Amino acid sequence: MIIVPEKEIAALITPEASFEAVEAVFAAMSRGDAYNFPVIREAIGHADALYGFKSGFDRAGLALGLKSGGYWPGNADKGLTNHQSTVFLFDADTGQPSAMVGGNLLTALRTAAASAVSIKHLSRPDSKVLGMVGAGHQSVFQMRAAVQQRGFEKVIGWNYHPEMLSRLEEEASALGLPFEAVTLDEMGAQADVIITITSSFDAILKADQIKDGTHLACMGTDTKGKQEVDAALIERATVFTDEIAQSTTIGEAQHAVIAGMNPAQITEIGKVINGDHKGRSSASEVTLFDGTGVGLQDLAVASKAVTLAQEAGVAIEVAV
Ligand code: NAD
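Residues numbered from 1 in each chain as written. Predicted model: local features only at pLDDT ≥ 70, side-chain atom pairs only at ≥ 80, totals over all residues. Heavy atoms only, no water.

## Some remarks on the packing of helix α2 (residues 15-31) against helix α3 (residues 104-122)
Part 1 of the reasoning: Packing of α2 against α3 brings their axes to within 8 Å, and their N-to-C directions diverge by 70 degrees. What the angle tells us is that α2 and α3 run roughly perpendicular. Seen from above, α2 lies across α3 with right-handed handedness. Across the interface between the two elements, Pro15, Ser18, Phe19, Val22, Glu23 and Phe26 of α2 pack against Leu109, Arg110, Ala113, Ala114, Ala116, Val117, Lys120 and His121 of α3.
Part 2 of the reasoning: Considered class by class, the residues forming the contact of α2 with α3 number nine nonpolar, two polar and three charged. (Axes fitted to C-alpha atoms, helices over the stretch in contact; angles between N-to-C directions. Helix = DSSP H or I, 4+ residues; strand = E, 2+ residues; numbered from the N terminus. Parallel < 35°, antiparallel > 145°, perpendicular 65-115°, else oblique. Left-handed = near helix turned anticlockwise from the far one by under 90°. Contact = heavy atoms within 4.5 Å. Nonpolar A, V, L, I, M, F, W, Y, C, P; charged D, E, K, R; others polar.)

In structure tokens:
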């Protein structure tokens, strides 16, 4: 069994490698070669923690396993990250454990890779302005992955807590891009691509704020009750997702479905990757990717990290 500790991950796996792994597993999901198992998430009644599992099996990549982890709100006071996760992989032929991989950085990389995959396949090729809604931990990973997909010339940002916007400005500057803090009306009027990555429980962006041709990657809503855009914007847009079952229950589309939207209107992004759906149909269409975060993304990047750790000679081997 291989162990790849959290401290080794940063030096091993790049945003590019994460992108390739996530794009491939989304394609496998839509071919029916890979599937996610039901998600478990529970308040454990200790340390105010939320704990759970995301799991699945990719028959094409032979990745079988789970990501175990959750949210410990008291961790920051102990100098630890509040979100904690570890990926466990199993030999698909024998069921024996094959790897234990630190999952904290991998979660950020695989989440950023998902929105980047959507930008590659759904945004207008001439997109110039990247809009960021949210300035928390995940936001910088999102920006880094997004700028690799289009020739963005400027980043604009809005955050509920404006004092956090300096994080976006610093990241844009490191990427060689000018940054401007904007209102939500300015965001909708200027941005060609908008990434939302917040923990909001109310709609931030409204349908009438968005200009024609925009691509939105809504990445923050991964739980029942969370919401980043209003149901009318979901209705206006052509909606794509990682997994329809999650999109309609814990993703951004949950509110539109409650308001009467037919889930059949939502398309898995894997269909676009595989060429079974044309994706964007015109330069004026509004496209929206509802990125809910599936266990197969975690297994894909963890498998990649194991291979890279073995190649780099930093994988710790223990007898099972
Ligand atoms: P964080 O706590 O570091 O940042 C939270 C962000 O949300 C900040 O920008 C904050 O200002 C904003 N925010 C907080 N309350 C708000 C409110 N009431 N209205 C609007 N904005 C508000 O969190 P993070 O690690 O950057 O994660 C952001 C979100 O992404 C979380 O909801 C997290 O659960 C989600 N997430 C999704 C996936 C996925 O695969 N889809 C993966 C990881 C995290």
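Now that the structure has been shown, the text picks up again.
## A look at the nonpolar core
Part 1 of the reasoning: In terms of nonpolar packing, the biggest core is built from 64 residues, with Phe26, Val101, Leu130 and Ile195 touching the most fellow members.
Part 2 of the reasoning: Here this core gets 11 residues from one element, more than from any other, and that element is α3.
Part 3 of the reasoning: Taken domain by domain, this core gets at least three of its residues from each of domain 1 (2-107 + 296-317) and domain 2 (124-293).
Part 4 of the reasoning: Not counting the four nearest positions on each side in its chain, Phe26 is found in contact with Ala114, Val117, Asp242, Ile269, Gly270, Ile273, Phe289, Val294 and Gln297.
Part 5 of the reasoning: Of all hydrophobic cores here, the second largest spans 27 residues; its members include Leu233, Ile234, Ala253 and Met261. (Core = buried A, V, L, I, M, F, W, Y, C linked by side-chain atoms within 4.5 Å. Buried < 20%, exposed > 50% of the residue type's maximum accessible area, 1.4 Å probe, protein only. Domains from an automatic or database assignment.)

## Description of the packing of aromatic side chains
Part 1 of the reasoning: Counting across every chain of the model gives four aromatic pairs.
Part 2 of the reasoning: Taking 6.3 Å as the distance between ring centres and 70 degrees as the angle between the ring planes, the aromatic pair formed by Tyr51 and Trp72 counts as edge-to-face. In this pair, Tyr51 sits in strand β4 (residues 50-58) while Trp72 sits in the loop between β5 (63-71) and β6 (83-90), placing the two residues 21 residues apart along the sequence.
Part 3 of the reasoning: A relative accessible area of 21% places Trp72 in the partly exposed class.
Part 4 of the reasoning: Members of the aromatic cluster, each reached through a chain of ring pairs, are Tyr51, Phe53 and Trp72.
Part 5 of the reasoning: Directly above the aromatic system of Phe141 lies the positively charged group of Arg144, at a separation of 5.1 Å from the ring centroid. (Phe/Tyr/Trp six-rings, centres within 6.5 Å; stacked < 30°, edge-to-face > 60°. Lys NZ or Arg CZ within 6 Å of the ring centre and 35° of its normal.)

## Concerning the domain arrangement of the protein
Part 1 of the reasoning: Assigned domains of the protein: these are domain 1 (2-107 + 296-317) and domain 2 (124-293).
Part 2 of the reasoning: Between the C-alpha centres of domain 1 and domain 2 there is a distance of 24 Å.
Part 3 of the reasoning: Contact with domain 1, which involves 15 residues of that partner, is made by 16 residues of domain 2.
Part 4 of the reasoning: Both faces combined, the contact of domain 1 with domain 2 buries some 1,300 Å², and carbon together with sulfur accounts for 55% of it. (Buried area = accessible area lost by both parts, 1.4 Å probe.)

## Regarding the site of the ligand
Part 1 of the reasoning: Around the ligand, a shell composed of 23 residues is seen, among which Arg110, His137, Asn159, His161 and Lys226 lie nearest.
Part 2 of the reasoning: The side chain of Lys226 places a nitrogen or oxygen atom 2.7 Å from an oxygen atom of the ligand.
Part 3 of the reasoning: A breakdown of the residues in the shell around the ligand according to their chemical character gives six nonpolar, 14 polar and three charged. (Near = heavy atom within 4 Å. Polar contact = N/O pair within 3.5 Å; in protein donor to acceptor, adjacent residues only side chain to side chain.)

## Describing the packing of helix α4 (residues 139-146) against helix α5 (residues 165-174)
Part 1 of the reasoning: α5 packs onto α4 with a crossing angle of 30 degrees between their chain directions and a minimal axis gap of 10 Å. Taken together, α4 and α5 sit at an angle that is classed as roughly parallel. Handedness of the α4/α5 crossing: right-handed. In contact with Ser139, Val140, Met143 and Arg144 of α4, α5 contributes Arg167, Leu168, Glu171 and Ala172.
Part 2 of the reasoning: Its residues assigned to classes, the contact of α4 with α5 comprises four nonpolar, one polar and three charged.

## Looking at the sheet that holds strand β13 (residues 215-218)
What holds strands together in a sheet is hydrogen bonding between their backbones, with the strands either parallel or antiparallel.
Part 1 of the reasoning: Judged by pairing direction, the sheet is parallel, and its eight strands sit side by side in the order β10-β9-β8-β11-β13-β17-β15-β16 without closing on themselves. Edge strands, defined here as strands with exactly one partner in the open sheet, are β10 (179-181) and β16 (267-268). (Pairing = 2+ DSSP bridges.)

## With respect to empty space enclosed by the protein
Part 1 of the reasoning: Considering all chains together, one arrives at one cavity of 30 Å³ or more under this definition.
Part 2 of the reasoning: Each pocket or cavity is described by its volume, and for the largest cavity that value is around 80 Å³.
Part 3 of the reasoning: Forming the walls of the largest cavity are Pro15, Phe19, Leu109, Ala112, Ala113, Phe141, Arg144, Ala145, Gln148 and Gln149.
Part 4 of the reasoning: Of all the secondary structure elements, the ones that give two or more residues to the lining of the largest cavity are α2, α3 and α4.
Part 5 of the reasoning: Within the lining of the largest cavity, the residues separate by chemical class into seven nonpolar, two polar and one charged. (1 Å grid on protein atoms, 1.4 Å probe; cavity = no way out; pocket = protein on both sides within 12 Å on 5 of 7 lines; lining within 4 Å. Points joined across faces, edges and corners; volume = space filled by probe spheres on them.)

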